[in-house]
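# Residue-level structure breakdown
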There are 2 protein chains.
Amino acid sequence: MTGAESLLQALLANDITVCFMNPGTSEMHFVSALDRTPELRGVLCLFEGVCSGAADGYARMTGRPAATLLHLGPGLANALSNFHNARKARSPIVSIVGEHSRQHLEYDAPLSADIVAFARTVSTDVCVARSPDELPRAITQSVRAARRPPGQVATLIIPADLSWSEAPEPGPPVSPQARAVPDGARVCEAARLLKSRKSTGVLLSGSAALARGIDAAGRLAAAGARVFVDRNAARLASGRGRFQPTRIPYFPEPAQELLSGLEHLILVEAKPPVSFFAYPGLRSELAPGHCQMHVLAGFEEDGVAALESLADECGARRASPVTMEPHPDQDSIGAIIAELLPENAIVSDEMVSSGGEVTPHLVAAAPHDLLPVTGGSIGQGLPVALGAAVACPERKVVALEADGSGMYTLQSLWTIARERLDVTTVIFANRRYRILEIEMRRTGAHGFGPIADRMIDIGDPALDWVRLAAGMGVSASRAATGSEFRDQFDAAMQVREPRLIEAVLPF
Amino acid sequence: MTGAESLLQALLANDITVCFMNPGTSEMHFVSALDRTPELRGVLCLFEGVCSGAADGYARMTGRPAATLLHLGPGLANALSNFHNARKARSPIVSIVGEHSRQHLEYDAPLSADIVAFARTVSTDVCVARSPDELPRAITQSVRAARRPPGQVATLIIPADLSWSEAPEPGPPVSPQARAVPDGARVCEAARLLKSRKSTGVLLSGSAALARGIDAAGRLAAAGARVFVDRNAARLASGRGRFQPTRIPYFPEPAQELLSGLEHLILVEAKPPVSFFAYPGLRSELAPGHCQMHVLAGFEEDGVAALESLADECGARRASPVTMEPHPDQDSIGAIIAELLPENAIVSDEMVSSGGEVTPHLVAAAPHDLLPVTGGSIGQGLPVALGAAVACPERKVVALEADGSGMYTLQSLWTIARERLDVTTVIFANRRYRILEIEMRRTGAHGFGPIADRMIDIGDPALDWVRLAAGMGVSASRAATGSEFRDQFDAAMQVREPRLIEAVLPF
């Protein structure tokens with residue numbers, strides 16, 4: 001078999017069944033081999049940042065890696081910003097990058113670049129296959145690295161001539177590596193803190209923010225614990241009937257206010273909370289300076305098991321029933337989305353400044369999974385929605401996307417249309433980089449004249465998202481009032497096909 | 001003055017008057033300071049790869065650096081692939097990247113990343129400003145590095161708190177560094193080779209491919225020299241009445257055939273020619289194995305002066321009058337473009353597989369500058385056209401763009417519309433990654449089944465470039481026949497505003 005065939009069979013043997021790709025000449029043998037491994041689904045994307053973001057969304061929903069297939073250093077370069085987000089999400093991904101043939105490397109051809117240097121910016125595990133015989137070992141190393149808890153972007157670089165050379169059969173599949181269960185001493189110490197009079201909080205992230213972790217945290221809350229969740233967790237079980245841990249606010253002042261008075265913070269697959277940006281005269285740390293941090297479970301450990309043990313240890317048998325006050329503003333776009341969102345939906349959130357008006361409503365929506373911003377690199381919302389839809393074809397995916405952010409990876413819409421994915425995209429069109437308007441004031445930039453204003457004004461010319469979507473094959477409509485939005489969103493929830501709604505704000 | 005003000009004033013003092021930007025929170029003070037330095041033109045782009053490609057186009061047309069302003073590591077990541085192309089073009093660019101405030105760096109906030117590692121993939125000169133006092137020195141270092149012949153992408157990383165701190169006035173402007181003139185011995189040796197009976201060629205690239213260099217090369221050709229030009233030169237003076245050096249073909253077989261029999265190749269700001277990709281059983285070097293290479297002028301030297309001296313030394317007083325046979329196919333899209341292209345136009349060429357039908361006609365067009373692919377990273381054509389139009393507002397810019405390639409940085413169209421740039425974009429819509437179809441066969445990938453075919457078919461759904469362009473404010477039309485194309489292209493040449501024509505191929 002060829003190296004390309006050996007690679008694809010190894011992926012399948014390791015239960016990697018999807019490859020988001022934007023291949024070039026160096027990857028043609030992999031593409032050709034797809035017809036001989038039809039169980040491996042190739043998903044073509046028209047920009048590499050769509051591939052990396054989609055693999056991130058896929059991993060967040062399945063816990064398993066997808067592969068990406070990219071062309072040389074510059075192809076990888078275009079994927080890096082969403083690999084950055086995937087790295088912060090701790091998503092397992094096997095990133096396969098074609099390199100020039102070994103004989104060609106010395107000549108500094110136009111596309112020659114230092115692929116390893118590109119890869120190291122997002123991958124601690126970068127493997128270069130040096131010969132056909134090495135391929136099985138290299139693939140095994142990359143799959144193992146990607147899946148090692150908590151998950152990472154592992155890069156596998158394969159010179160083109162290896163793909164067309166005779167290569168050995170793939171090695172045995174990698175045994176899954178379970179997360180280690182934290183030892184009982186940490187559980188006992190956390191229970192002691194929670195039971196003491198000291199003001200003690202619990203902060204969830206990673207797998208602890210999924211449904212089982214949230215349920216266990218709800219038991220702790222019923223026993224009196226203050227439970228918080230990382231606002232940049234990779235995935236968060238949300239919606240009515242579920243315990244709702246408090247999301248730590250984006251801006252440091254309300255976050256510090258929320259956490260003020262805490263003396264201990266128990267970290268469950270989470271790190272000590274810090275603000276997104278620094279501002280003149282403000283601290284970066286969000287917990288008080290005297291607050292002690294206690295790791296109940298590290299990123300790579302089983303935070304859910306630890307939480308359940310902790311709840312048992314605290315004698316917290318069950319969660320309190322969850323009741324919610326109806327939000328006062330029932331005509332807002334957030335209220336409409338929350339009302340109409342079907343059960344078990346997946347929500348990809350890159351609303352940025354519009355999120356403040358929507359997210360508070362989502363806690364009252366039918367139970368759903370929320371996929372938040374993780375690494376803050378703009379342009380993740382649409383690709384993550386795409387990947388989640390490939391991962392979970394039976395579930396409705398809703399991408400809540402800012403107009404500025406959506407432009408970074410708008411090519412996602414084409415793949416969503418091509419694969420007939422059940423994704424409804426809502427574009428929050430305020431025609432500004434409004435978050436920057438807010439941030440400019442916050443960072444104390446004095447003066448805010450017409451030239452600066454023009455650098456955050458994306459309304460001249462106005463982006464026409466209905467045309468952009470239609471140009472890539474996605475049915476689209478524009479809503480200028482709440483009532484129009486309600487009708488269009490309701491219709492989109494009734495079908496199982498791609499839709500886009502441009503909500504021109506404010507209503 | 002603040003650090004931000006000091007930076008902008010230093011840019012102006014160094015004749016850097018344009019900044020292509022996609023700023024974020026860390027760069028807000030630079031944006032705010034624009035109102036106090038209105039001579040510095042900020043050009044907003046909706047994706048960072050547009051900024052880097054535009055700065056490349058600007059540098060190719062002016063020989064001077066523009067600045068780019070990008071947000072943290074992930075913002076730089078999105079710009080890297082067009083910085084790769086700029087690096088191969090040896091374009092001078094000052095790439096300014098905002099970093100988190102120094103106090104914030106230790107906390108691994110969501111957007112934290114190793115910016116230096118990102119930058120090193122495209123910049124040999126990466127400067128991190130560590131304090132406000134250091135700013136003037138850091139800026140001077142980056143400007144000097146960018147402008148050091150032949151030109152490079154210099155990266156300057158500035159923590160946000162430096163931009164809002166009190167900083168010193170900018171240092172004195174950097175003195176321009178002239179290219180060194182190659183010594184006479186090299187000229188004499190080259191002249192000796194050309195006058196001997198040995199088969200000797202001359203290969204041009206860099207500044208030697210601009211008008212003066214081409215003219216000098218025309219004198220050499222009149223004296224019997226075989227003159228070639230690097231097909232990936234950053235800029236090439238082209239069009240009727242001018243001497244036309246032979247562009248080295250893309251595929252190695254015809255390139256090797258062309259260069260067969262050469263015993264000496266005189267390199268003028270060029271490197272020994274190599275094929276773009278390697279193929280099974282083919283050599284990467286394009287000149288024969290026994291051909292000796294002679295550097296008349298290195299990349300950083302004055303190849304034009306050397307060529308002129310060489311022509312003098314060879315007694316080549318003037319070029320032969322240039323006459324051209326009319327191309328047999330006068331109804332093709334290439335012939336129409338060549339016929340209607342106005343004098344002194346700038347042509348950005350990213351036609352990829354469609355280029356073979358167009359480029360041969362361009363030599364008969366009115367004199368123009370051609371901006372070819374340099375680093376081979378797809379997505380440079382539209383941004384380079386944008387930057388060239390900012391650099392040369394009095395000249396018509398024509399972007400000849402493949403449909404697949406155009407999708408990587410289609411956001412360019414929005415900035416072209418916003419800045420009312422005189423750019424006509426022609427999309428060659430074959431709805432395939434046709435180059436990959438060719439390359440797949442060439443790399444010997446056996447089998448080419450329906451799944452592989454689908455990975456190079458971008459026609460399902462068909463991209464509607466008229467809607468995509470209109471969605472970003474560019475007037476657009478579709479041509480399905482040669483006659484429609486002629487009318488639309490002719491109309492576009494008569495106006496001085498953005499236009500896009502989707503040419504649905506084949507006619």
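Before reading on, note that the structure itself is shown above.
A brief structural summary.

About the criteria used
Residues numbered from 1 in each chain as written. Chains lettered and ligands numbered in written order. Predicted model: local features only at pLDDT ≥ 70, side-chain atom pairs only at ≥ 80, totals over all residues. Heavy atoms only, no water. Pairing = 2+ DSSP bridges. Helix = DSSP H or I, 4+ residues; strand = E, 2+ residues; numbered from the N terminus. Axes fitted to C-alpha atoms, helices over the stretch in contact; angles between N-to-C directions. Contact = heavy atoms within 4.5 Å. Polar contact = N/O pair within 3.5 Å; in protein donor to acceptor, adjacent residues only side chain to side chain. Buried area = accessible area lost by both parts, 1.4 Å probe. Salt bridge = Lys/Arg side-chain N within 4 Å of Asp/Glu carboxyl O. Phe/Tyr/Trp six-rings, centres within 6.5 Å; stacked < 30°, edge-to-face > 60°. Buried < 20%, exposed > 50% of the residue type's maximum accessible area, 1.4 Å probe, protein only. Lys NZ or Arg CZ within 6 Å of the ring centre and 35° of its normal. Disulfide = S-S within 2.5 Å.

## Side note on the sheet that holds strand S4 (residues 93-99) of chain B
Residue and element names in this part refer to chain B.
- Spatial strand order, S2-S1-S3-S4-S6-S5: six strands in an open sheet with parallel pairing. Where the open sheet ends on each side, the last strands, each with one partner, are strand S2 (41-44) and strand S5 (126-128). Taking the axes of each pair of neighbouring strands and ignoring which way they run, one obtains an average angle of 20° across the sheet.
- Sheet analysis places strand S1 (residues 18-22) next to S2, joined by four bridges and oriented parallel. Each bridged residue has a counterpart across the sheet, and for Phe20 the counterpart in S2 is Val43.
- The sheet strands contacting helix H6 (residues 135-147) are S4, S5 and strand S6 (153-159), and the helix crosses S6 at an angle near 165°.

## Digging into the environment of Asp161 of chain A
- In this fold, Asp161 of chain A is placed in helix H7 (residues 160-164).
- A polar side-chain atom of Asp161 of chain A sits 2.8 Å from a polar atom in the side chain of Arg102 of chain A.

## Some points on the interface of chain A and chain B
- Facing the 101 residues of chain A at the interface are 101 residues of chain B.
- The contact between chain A and chain B buries some 8500 Å² in all, and 62% of this surface belongs to carbon and sulfur atoms.
- Between Arg454 of chain B and Glu419 of chain A there is a salt bridge, with the nearest N and O atoms lying 4.0 Å from each other.
- The interface formed by chain A and chain B includes 50 residue pairs in polar contact (both at pLDDT 80 or more).
- Looking at which element gives the most residues to the side of chain A that touches chain B, the answer is helix H4 (residues 72-89) of chain A, with nine residues.

## Observations regarding the packing of aromatic side chains
- Inspection of every chain in the model, using the stated rule, returns 15 aromatic pairs over all chains.
- Seen from their ring centres, Phe47 of chain A and Tyr408 of chain B are 6.3 Å apart, and the 75° between their planes marks the pair as edge-to-face. In this pair, Phe47 of chain A is assigned in the loop between strand S2 (41-44) and helix H3 (48-62) and Tyr408 of chain B in the loop between helix H15 (403-406) and helix H16 (412-418), connecting two distinct chains. Just as Phe47 of chain A is buried, Tyr408 of chain B falls in that class too.
- One aromatic cluster in this structure is built from Phe47 and Tyr408 of chain A together with Phe47 and Tyr408 of chain B.
- Lying across the ring of Phe299 of chain A, Arg90 of chain A places its NZ or CZ 3.6 Å from the centre.
- Over the aromatic face of Tyr279 of chain A sits the side chain of Arg442 of chain A, whose NZ or CZ is 4.1 Å from the ring centroid.

## With respect to the state of the cysteines
Residues and elements named next belong to chain A.
- Per the counting criterion, the structure on display carries zero disulfides over all chains.
- The thiol sulfur of Cys19 is not disulfide-bonded, and the nearest other cysteine sulfur, from Cys51, lies at 7.9 Å.
- The structure places no disulfide on Cys45, whose sulfur is separated from the nearest cysteine sulfur, that of Cys51, by 3.8 Å.
- The class for Cys45 is buried, based on a relative accessible area of 0%.

Keep in mind that these numbers describe shape and distance, not what the molecule does.
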